[in-house]
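Breakdown of the fold
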Amino acid sequence: MKEKRRRPRIESINLIAYACLDENDNVVNQGMGRTLNVSELGILIETYFELDSQNILLIDIGIGDDLVDIKGRVVHSNTNDDKKYESGIEFISIDEDSLAKLKKYIEAFNKMREK
């Protein structure tokens, strides 16, 4: 099967905090979860509650000693065998500093995997 992603994803478990915003930018839900994989354009996260694709997500990802702030939207969501929700998040915006931290993390991971 051909890979459809524009950027490869790396398997990565990192803690996240998220807030779901409605169309008026009001917080309608918030919680914690973890990443399952990461790329420069999106992430797969695991949460205890289903995320509504109508909401915009503000996500804080703990990567080592860094905190990466991302704004994204849910593009797909499913339940897994543990009855948790796995949601694919497409980045809508990410500031330059957060993107640089994310790229550095992905690059370091890939170098470590090549060894």
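In this report, we go over the structure that sits alongside the text. (Residues numbered from 1 in each chain as written. Predicted model: local features only at pLDDT ≥ 70, side-chain atom pairs only at ≥ 80, totals over all residues. Heavy atoms only, no water.)

Here the phi dihedral of aspartate 25 falls at roughly 65°; this positive angle occurs in a residue that is not glycine. Within the secondary structure, aspartate 25 is located in the loop between strand 2 (15–21) and strand 3 (27–38). We classify aspartate 25 as exposed; its relative accessible area is 52%. Not every positive phi belongs to a glycine, and lysine 83 is a case in point at roughly 65°. Mapped onto the fold, lysine 83 is located in the loop between strand 6 (66–79) and strand 7 (85–94). (Helix = DSSP H or I, 4+ residues; strand = E, 2+ residues; numbered from the N terminus. Buried < 20%, exposed > 50% of the residue type's maximum accessible area, 1.4 Å probe, protein only.)

According to the stated counting rule, one finds three salt bridges in the structure shown. A salt bridge links arginine 73 to glutamate 90; the nearest nitrogen and oxygen atoms lie 2.8 Å apart. With arginine 73 in strand 6 and glutamate 90 in strand 7, this residue pair connects regions lying 17 residues apart in the sequence. By relative accessible area, arginine 73 is classed as partly exposed at 38%. On the basis of relative accessibility, which here comes to 26%, the residue glutamate 90 falls in the partly exposed class. In this structure, lysine 101 engages aspartate 97 in a salt bridge whose closest nitrogen and oxygen atoms are separated by 3.2 Å. (Salt bridge = Lys/Arg side-chain N within 4 Å of Asp/Glu carboxyl O.)

By the element assignment, serine 87 lies in strand 7. Among the polar contacts listed, one links the side chain of serine 87 to the side chain of serine 77, at a separation of 3.0 Å. In this view, serine 87 contacts Ile43, Leu44, Ile45, Leu51, Val74, His76 and Ser77; residues no more than four positions away in its chain are not counted. (Polar contact = N/O pair within 3.5 Å; in protein donor to acceptor, adjacent residues only side chain to side chain. Contact = heavy atoms within 4.5 Å.)

Core analysis: the largest hydrophobic core is formed by 20 residues, its most contacted members being Ile43, Leu51, Leu57, Ile59, Ile61 and Ile89. Listed by contribution, the elements that provide at least two residues to this core are strand 2, strand 4 (42–47), strand 5 (56–63), strand 6, strand 7 and helix 1 (96–114). It is strand 5 that provides the largest number of residues to this core, a total of four residues. (Core = buried A, V, L, I, M, F, W, Y, C linked by side-chain atoms within 4.5 Å.)

A few words on the pairing of strand 3. The sheet contact formed by strand 1 (residues 10–11) and strand 3 spans two bridges and is antiparallel. When the sheet's bridge partners are listed, isoleucine 10 is paired in strand 3 with valine 38. The sheet contact formed by strand 3 and strand 4 spans five bridges and is antiparallel. Pairing of glycine 33 across the sheet is with threonine 47, part of strand 4. (Pairing = 2+ DSSP bridges.)

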